[in-house]
Amino acid sequence: MTATIEANEAPVTAATTPTTTVTELDALESESIFVFREVAAEFERPVILFSGGKDSIVMLHLARKAFAPAPVPFTLLHVDTGHNFPEVLAYRDSVVETLGLRLEVAQVEDYLADGRLRERADGTRNQLQTVPLLDAINSHRFDAVFGGGRRDEERARAKERIFSLRDEFGQWDPRNQRPELWSLYNGKHRPGEHVRVFPLSNWTELDIWNYIEREEIALPSIYYAHERDVFERDGMLLAVGPYSQPRDGETVGSRVVRYRTVGDMSCTGAVASTAVTAAEVVVEVAASEITERGATRADDRASEAAMEDRKREGYF
Amino acid sequence: MGTTEHTLLRLATAGSVDDGKSTLVGRLLHDCKAILADQIAHVQTVSAARGGDFDFALLTDGLRAEREQGITIDVAYRYFATDKRSFILADCPGHVQYTRNTVTGASTADVVIILVDARHGVLEQTRRHLAVAGLLRVPHVVLAVNKIDLVGYDEAIFQGIAKDVSQLADQLGIADVQAIPVSALIGDNIVEPSASTSWYAGPTLLEFLESASGRSDASAQPLRFPVQYVIRPQTDNEYRDYRGYTGTVASGTVSVGDQVIVLPAGRRTSVAGIDRAVISATTTAVAERPSAVAGEAVTVRLTDDLDVARGSVIVSADSSPGTRRELSATVCWLSDRPLSVGARLLIKHTTTTAQAIVTKISGVLDLTALEFTGLGVIDATGLDLNDIGKVQLKVAAPLAADPYSSNNITGSFLLIDAHDGWTLAAGMIDDEEGELL
């Protein structure tokens, strides 16, 4: 290494890392609930992007809180890559059925089948979600689209407003964002435009896990330690499955792992972990020296500005 | 939780281009160990590929254009924590074109850090950012005199700049300014005290941030509860007749049994119940609470069946602000579309959006004299991008408004272009004397 700065020498331990207190979690919860109510009051056709990942699950939990005892006044939309963890799909369907929600599914597979999209050379599909997402927004005339994105996830997301205007092509223009002052969220838009809304903007990964623990929110089982056949690629543990197979020189072994994020199985890595409860995950996340995306997302490593480029095109 | 309260502090940075804001933020995050190994590895790789040393600015400047031009274009929000407290940092651009982002960051900040390059001293942008901090009533300002290493750690230069800023702060009514000599590049007085500034006895930047108090307690003020959305499940269960008014308590405390007034109608009633959600994996219900305080999102039920809807504000019966259709306010003009008298706009004030007409522009802030000067006097006919001006508005709906000096939620508003929805201005309602400076 030529640079003079070393990575954090001393591992951060759980003992010295403050967990979020109840007061801070309550403040975050109230801020998010405020955002849900603003959207319900000011938009005609809002939708919640729901992948079955932890952030969208927390988002749905907060939406339920915002309107209790009435049901959530929003449809759910899942942009399905076809490369799902079966546990996540099962979770999605069970939540929808239990709560009597309406779910729309936009299938990447449909676009591949009729040639509107083509499979990428590397076989991963996170990037292919943009077109089906924008088509679904247009065909359902959704005018507000809730996403579970958090500003602590990634450099480009740190620049995102809570109400983020998209043009008729779904494009994000980071140089021309509306100023967002106090808690006065401006949802005005012209026909064809829509607003992406990020109620979890100010939450960190640690906040999410503290909240999951406090609220006893159920998650797909892959978020907790389990034994799985994996192989190592680019420093990440990828699951052996229908969408990802080891190449020459990559060996498969059974490891005890869990997932920090959930996405396309072929490019979402697992981390070695023995955490089997939310409380144990909190300790693990507090001590982690690697960010959630750094640990588990191969597609963010594609270039210096991979996420920004995707977001400009309309990705969430 | 223990006995020490672990509180959240919101801070924003400001300063001119090339004063080193991104470097300061990168250094602060790095020295607080808020940057993780993969993020550091990324910056090392990019810095090395460009043939330079570790570039702290790359930790925060995430957009392509920012990296290409070496400037910050838009506000980025960062999260970090020490043993003492958690921080949300709005890293704001310094370029004059993006002053609106400084206003954005400062609107919720407890502390604004204004950077000054020790070699250049106070610039017009410094004055503008101080004025913004003063207008928005940010409780604390930190003057970070940066690049102190480039002036040989000269105490006289530091004291000279500190004195200039202190005089400006007095004029602007900013009570608390802490000047700190720093070098963001080297790390002097950011987290660790610098051996090169033995003449400086004050806190490091982090020490100051860890001990600064937040905004004054909004719970102590009179009740203001803007109604966001009405909940009427109308389902075939125990909630068939439920009618709740949702919102976040803007100020004060609301308790069951309180006498309240619903504005704008002005009807008196009392609080029948305060609910918060209780949900499980399969059930959705509410539980009653005795009271709720400022910042809490709750649902309020009232004794009488009044016409209450989004835009209504439930206020304390003892201390109602009444309503007004005419406002005197100070606005930060955030758009390159100029404002002139007679303009028709939308005003967004708490949960009300209404039409408004600008009836008068009575002054523009002269950044040199730091006073509002009449139009024409300083070669102005209206408000242009980045101008701070005094305006009068006539509003099509009655607003339950307070002066910004007593309530930053019911005292603030946006002006919006009705045609395309663009946010044109941030407004703060003047108090009786019409003085904000």
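Located above this text is the structure these notes cover.
Described below are features of the structure shown in this document. Just so it is clear, the model here is predicted, and its values are computed rather than measured. (Residues numbered from 1 in each chain as written. Chains lettered and ligands numbered in written order. Predicted model: local features only at pLDDT ≥ 70, side-chain atom pairs only at ≥ 80, totals over all residues. Heavy atoms only, no water.)

A closer look at the overall build of chain B
Secondary structure summary: chain B contains seven helices and 23 strands in total. Expressed along its principal axes, the backbone C-alpha trace of chain B runs to roughly 70 × 60 × 40 Å. Sorting the 437 residues of chain B into buried and exposed places 58% on the buried side. Considering only residue pairs separated by 6 or more positions, chain B has 70% of its internal contacts joining residues 24 or more positions apart. Of the roughly 16700 Å² that chain B leaves accessible, carbon and sulfur atoms contribute 46%. One finds the centroid of the 36 positive side-chain charges in chain B at a distance of 6 Å from the centroid of its 53 negative side-chain charges. (Helix = DSSP H or I, 4+ residues; strand = E, 2+ residues; numbered from the N terminus. Buried < 20%, exposed > 50% of the residue type's maximum accessible area, 1.4 Å probe, protein only. Contact = heavy atoms within 4.5 Å. Areas by Shrake-Rupley, 256 points an atom, 1.4 Å probe, with all protein chains shown as cover. Lys, Arg positive; Asp, Glu negative; His and termini not counted. Charge placed at Lys NZ, Arg CZ, Asp CG, Glu CD.)

What about the nonpolar core?
Residues and elements named next belong to chain B. Residues Leu28, Val111, Ile113, Leu136, Leu205 and Leu209 are the most contacted members of the largest nonpolar core, which totals 86 residues. Broken down by element, this core gets its largest block of residues, seven residues, from helix H6 (residues 155–172). Here this core spans two domains, since at least three of its residues come from each of domain 1 (8–214) and domain 3 (324–429). With near-sequence residues (within four places) excluded, Leu205 lies in contact with Leu24, Leu28, Ile113, Val142, Ile180, Asn189 and Ile190. (Core = buried A, V, L, I, M, F, W, Y, C linked by side-chain atoms within 4.5 Å. Domains from an automatic or database assignment.)

Description of the sheet that holds strand E5 (residues 163–166) of chain A
All names here are of chain A. Strand order across the open sheet formed by six strands is E3-E2-E1-E4-E6-E5, with mixed pairing between neighbours. The open sheet terminates on both sides in strands that have one partner only, identified here as strand E3 (103–107) and E5. On average, each strand axis in the sheet is tilted by 30° relative to the strand beside it, whichever way the strands run. Where strand E4 (residues 144–146) lies against strand E6 (residues 194–197), three bridges are found, and the strand directions are parallel. (Pairing = 2+ DSSP bridges. Axes fitted to C-alpha atoms, helices over the stretch in contact; angles between N-to-C directions.)

Comments concerning the environment of Tyr111(A)
Residue and element names in this part refer to chain A. Inspection of the secondary structure assignment puts Tyr111 in helix H4 (residues 108–113). Exposure remark for Tyr111: the relative accessible area of 8% places this residue in the buried category. If sequence neighbours within four positions are ignored, Tyr111 has contacts with Arg116, Leu117, Val131, Pro132 and Asp135. Reaching out from Tyr111, the side chain makes a polar contact with the side chain of Asp135 at a distance of 2.7 Å. (Polar contact = N/O pair within 3.5 Å; in protein donor to acceptor, adjacent residues only side chain to side chain.)

A closer look at the pattern of salt bridges
With the rule as written, the count across this model stands at 40 salt bridges over all chains. Here Arg337(B) ties to Asp417(B) by a salt bridge, and the two come within 2.6 Å at their closest N and O atoms. In this pair, Arg337(B) is assigned in the loop between strand E17 (324–333) and strand E18 (344–349) and Asp417(B) in the loop between strand E22 (412–416) and strand E23 (423–429), connecting sequence segments 80 residues apart. Given a relative accessible area of 18%, Asp417(B) falls into the buried group. What emerges from the salt-bridge pattern is a single network uniting Asp26(A), Glu29(A), Lys65(A), Arg214(A), Glu215(A), Arg276(B), Arg289(B) and Glu296(B). (Salt bridge = Lys/Arg side-chain N within 4 Å of Asp/Glu carboxyl O.)

Side note on the interface of chain A and chain B
Taken together, the contacts link 69 residues of chain A with 97 residues of chain B. Between chain A and chain B, the buried area comes to about 7100 Å², and carbon and sulfur atoms account for 57% of it. It is Pro69(A), Lys159(A) and Trp182(A) that lose the most area in chain A upon contact with chain B, and together they represent 12% of the buried surface on that side. For Glu42(A), the salt bridge identified is with Lys348(B), shortest N-O distance 3.1 Å. The tally of links from chain A across to chain B stands at 24 residue pairs in polar contact (both at pLDDT 80 or more). Among the elements of the structure, helix H1 (22–42), helix H2 (54–67), helix H3 (86–99) and helix H9 (306–313) of chain A are those that each provide at least two residues to the side of chain A that touches chain B. No other element matches the 13 residues that H1(A) contributes to the side of chain A that touches chain B. (Buried area = accessible area lost by both parts, 1.4 Å probe.)

Looking at the pairing of strand E13 (residues 284–289) of chain B
Residues and elements named next belong to chain B. Alignment of strand E12 (residues 267–279) against E13, held across six bridges, turns out to be antiparallel. Of the residues in E13, the one forming a bridge with Ala277 is Val286. Once E12 ends, the chain turns through four residues before running back antiparallel as E13.

Here we look at unusual backbone geometry
Glycine aside, negative phi is the norm for most residues, and most peptide bonds take the trans geometry. Here the bond from Ala68(A) into Pro69(A) is cis, since omega is 5°, no more than 30 degrees from zero. Note that Pro69(A) resides in the loop between H2 and strand E2 (75–80). Cis geometry marks the peptide bond from Leu263(B) to Pro264(B); its omega dihedral reads 5°. Looking at the element boundaries, Pro264(B) is found in the loop between strand E11 (259–263) and E12. The backbone phi angle of Tyr153(B) is positive, close to 50°, even though this residue is not glycine. Here Asn386(B), not a glycine, exhibits a phi torsion of approximately 75°, which is positive. When you line up the elements, Asn386(B) lands in the loop between strand E20 (371–373) and strand E21 (388–399). The exposure class assigned to Asn386(B) is buried, which follows from its relative accessible area of 10%.

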